[in-house]
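Chain residues, written in single-letter form:
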Amino acid sequence: MTAELTQRLAEHGVRIVDATVLLWISENPQVTASALGRALDIQRANMVPLLKRLEDAGLIERAPIDGKSQGLSLSQEGKKRVPAIEATIEAFEQDLLARIPLQHREHFMPALDALWR
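Residues numbered from 1 in each chain as written. Predicted model: local features only at pLDDT ≥ 70, side-chain atom pairs only at ≥ 80, totals over all residues. Heavy atoms only, no water.

Draft legend 1. Inspection of helix α2 (residues 16-27) at higher detail. Between its terminal C-alpha atoms α2 stretches 17 Å, which fits the 16 Å expected from 12 residues at 1.5 Å a residue. Residues D18, A19, V21, L22 and I25 constitute the buried set of α2. The buried residues of α2 all sit within an arc of 165° when viewed along its axis, so they share a single face. (Helix = DSSP H or I, 4+ residues; strand = E, 2+ residues; numbered from the N terminus. Expected span 1.5 Å × (residues − 1). Buried < 20%, exposed > 50% of the residue type's maximum accessible area, 1.4 Å probe, protein only. Arc of directions from axis to C-beta.)

See the structure below:
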């Protein structure tokens with residue numbers, strides 16, 4: 001499943017982690033890198049190159065939010081790509097669900113939800 005989603009997101013020039021970060025920033029404009037890392041459980045050592053890659057790709061921007069912190073936001077290009085990324089993820093999830101026989105779907109989703117709790 002991961003390989004399939006990776007392939008689909010590659011069409012938008014992003015990896016799964018990139019898409020996750022872009023979606024999080026989209027919903028939380030001006031989030032700091034440290035808050036983003038805590039929310040997504042990304043280590044600082046991994047966060048720095050990840051954000052640099054997204055910034056170099058022109059998908060995110062940094063702006064001062066106080067004397068020492070910088071907030072992350074989507075660039076214009078990032079804002080243009082997020083809806084397509086969301087649509088790709090939604091289509092992928094629907095395709096996965098369609099693979100589950102109809103008679104099992106009503107039990108599958110509650111069971112999956114219970115695993116997350």
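Structure's up, so let's keep going.
Draft legend 2. Region of the structure containing the confidence of the model for the protein chain. The pLDDT averaged across the protein chain works out to 94; a share of 100% of its residues lies at or above 70. No element of the protein chain has a lower mean pLDDT than helix α6 (residues 102-116), at 87, and none a higher one than α2, at 97. (pLDDT = per-residue confidence, 0-100.)

Draft legend 3. Up close: the pairing of strand β3 (residues 70-74). Extensive coverage of β3 is indicated by the burial of 4 of its 5 residues. Pairing geometry for strand β2 (residues 60-64) and β3, over 5 bridges, is antiparallel. If you follow R62 over to β3, its bridge partner there is L72. In textbook terms, the turn of a hairpin is the stretch between consecutive antiparallel strands, and for β2 and β3 this stretch comprises 5 residues. (Pairing = 2+ DSSP bridges.)

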